[in-house]
Amino acid sequence: MTAGGATPKTVAVLSGGVGGAKLVLGMSREISAERLLVVANTADDFKHLGFHISPDIDTLIYTLANLANNEHGWGRANESWSFMEALEVLGGETWFNLGDGDLAMHVERTRRLTAGESLTDVTAALADALGIGVKILPMTDDRVTTIVETTTGPLMFQHYFVRERCEPEVRGFRFDGIQDARPNPGFIDALRSGRIGAVIIAPSNPFVSVDPILDLPGIRAALNNMNGPVIAVSPIVKGSAIKGPAAKMMRELGIRANVSAVAQHYRGLVDIIVIDEADRDFEEQIRALGIDVLVTNTVMRTLEDRRNLARFCLGAI
Ligand code: FO1
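Figured I'd write up the structure that's included with this text. Quick caveat, the model's predicted, so the values are computed rather than measured.

**A look at the packing of helix 1 (residues 17-30) against helix 13 (residues 303-315)**
Phase 1: Helix 13 packs onto helix 1 with a crossing angle of 75° between their chain directions and a minimal axis gap of 7 Å. In this view, helix 1 runs roughly perpendicular relative to helix 13, as classed from their interaxial angle. In contact with Lys22, Leu23, Leu25, Gly26, Met27, Arg29 and Glu30 of helix 1, helix 13 contributes Leu303, Arg306, Arg307, Leu309, Ala310, Arg311 and Leu314.
Phase 2: Partitioning the contact of helix 1 with helix 13 into residue classes produces 7 nonpolar, 1 polar and 6 charged.

**Some details on the site of the ligand**
Phase 1: Taken together, the neighbourhood of the ligand is formed by Gly17, Asp44, Pro55, Asp56, Trp74, Phe96, Asn97, Asp102, Phe157, Gln158, Phe161 and Val162.
Phase 2: For the ligand, a nitrogen atom lies 3.3 Å from a polar atom in the side chain of tryptophan 74.
Phase 3: Protein contacts shield 90% of the accessible area of the ligand, which totals 520 Å² for the unbound molecule.
Phase 4: Mapped by element, the contributors of at least two residues to the shell around the ligand are helix 2 (55-64) and helix 6 (157-163).
Phase 5: Among the elements that take part in the shell around the ligand, helix 6 stands out by supplying 4 residues, more than any other.
Phase 6: When grouped by side-chain class, the residues that make up the shell around the ligand number 6 nonpolar, 3 polar and 3 charged.

**Things to note about the sheet that holds strand 8 (residues 170-176)**
Phase 1: The strand order across the open sheet formed by 3 strands is 7-6-8, and the pairing between neighbours is antiparallel. The open sheet has two free edges, formed respectively by strand 7 (153-156) and strand 8, since each of these has just one partner strand. On average, adjacent strands in this sheet sit at an angle of 25° to one another, irrespective of strand direction.
Phase 2: With 6 bridges connecting them, strand 6 (residues 145-150) and strand 8 associate as antiparallel partners.

**Here's the deal with the nonpolar core**
Phase 1: Ranked by size, the top nonpolar core spans 57 residues in total, and within it Phe187, Ile196, Val199, Ile201 and Leu223 carry the most contacts.
Phase 2: Discounting residues that sit within four places of it in the chain, phenylalanine 187 has contacts with Ala12, Leu14, Leu37, Val39, Leu137, Ile196 and Ile219.
Phase 3: One finds Ile61, Leu126, Met300 and Leu314 within the second-largest nonpolar core, a separate group that totals 37 residues.

**Describing unusual backbone geometry**
Phase 1: Of note, asparagine 66 is a non-glycine position whose phi angle comes to about 60°, a positive value.
Phase 2: When you line up the elements, asparagine 66 lands in the loop between helix 2 and helix 3 (82-89).
Phase 3: Among the residues examined, asparagine 66 registers a relative accessible area of 68% and is labelled exposed.
Phase 4: Of note in this structure, arginine 165 is not a glycine but carries a positive phi near 55°.
Phase 5: Judged by its relative accessible area of 54%, arginine 165 is exposed.

**Topic: the packing of aromatic side chains**
Phase 1: In the structure shown here, the tally under the stated rule is 6 aromatic pairs.
Phase 2: Aromatic pair phenylalanine 157 and phenylalanine 161: ring centres 5.3 Å apart, planes at 20°, arrangement stacked. Here phenylalanine 161 and phenylalanine 157 lie together in helix 6, a separation of 4 residues that amounts to about one turn.
Phase 3: For phenylalanine 161, a relative accessible area of 34% corresponds to the partly exposed category.
Phase 4: In textbook terms, an aromatic cluster arises when at least three aromatic residues are bridged by ring pairs, as seen for Phe46, Trp95 and Phe96.

Procedures and definitions
- Residues numbered from 1 in each chain as written.
- Predicted model: local features only at pLDDT ≥ 70, side-chain atom pairs only at ≥ 80, totals over all residues.
- Heavy atoms only, no water.
- Axes fitted to C-alpha atoms, helices over the stretch in contact; angles between N-to-C directions.
- Helix = DSSP H or I, 4+ residues; strand = E, 2+ residues; numbered from the N terminus.
- Parallel < 35°, antiparallel > 145°, perpendicular 65-115°, else oblique.
- Contact = heavy atoms within 4.5 Å.
- Nonpolar A, V, L, I, M, F, W, Y, C, P; charged D, E, K, R; others polar.
- Near = heavy atom within 4 Å.
- Polar contact = N/O pair within 3.5 Å; in protein donor to acceptor, adjacent residues only side chain to side chain.
- Areas by Shrake-Rupley, 256 points an atom, 1.4 Å probe, with all protein chains shown as cover.
- Pairing = 2+ DSSP bridges.
- Core = buried A, V, L, I, M, F, W, Y, C linked by side-chain atoms within 4.5 Å.
- Buried < 20%, exposed > 50% of the residue type's maximum accessible area, 1.4 Å probe, protein only.
- Phe/Tyr/Trp six-rings, centres within 6.5 Å; stacked < 30°, edge-to-face > 60°.

The following block contains the structure:
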């Protein structure tokens, strides 16, 4: 309980990709749904085969609904692939795999968006339909699109990540539409009103999962003005990402792929960074940046790992 027995403040988690969803699952088992607010990256979203696909929202929904395909890190478990097989025969685009159950998500989301519902309302309805009590907010209801600048030209994120399998050499990123995008009021108003007691940046890719959220107009200022701590969990352990291209991106950007570089990336915004036991030697170097360091096991293999890391972060606020 907070001082004076006031209602405990909300904890906001900024999440993208698999690492984010793992920590959010842990958090959902450690605090009540009323106290947890998840802000999802939507700059990975894209229009494909006429559907609006929201990968980071869907990874959160499937993870919280216990429907996630954990070896892939995306889509549903126990999928059938009749749609893809039929699409292949028709000569359709099959580089982006849509399982039959997952397809229902894209059909229903696209139907609702086309009917004029906001992505916030659509996400709430779909999460509710799957029995999820945790509030998942898209970072914005406006269109923001990550473009990966590579040595062979600009690529829309999913083309880089899936079609090209992260092989092109990265030189930078841009988030088209971000200047005009309005941060989700459910997040930025809660930040400004003091209803959010702490913000946890999940172990997601800092460049393509977290920066699109932080770079939304007003978000950095609102985070700097809030009373509570901003904590980042490093997605890099011993120089590599647990999953995804973060370490490769860092090397191609000329940045050392280590936790100190992650701390540097968030410098001026985060009060604390949580690093893995394996990176304990970086503690002094990071403290010298003016960022507090906490060390624990950050590799989430089991549900217990997810809960322990969540509890560890909650203990720091
Ligand atoms: N990632 C892949 O590597 N291959 C795929 O075929 C693929 C399909 C897919 C379908 C729906 C969805 O929500 C996500 C999907 N992803 C796939 C992951 C997607 O690329 C996400 O952007 C990553 O999860 C990173 O955020």
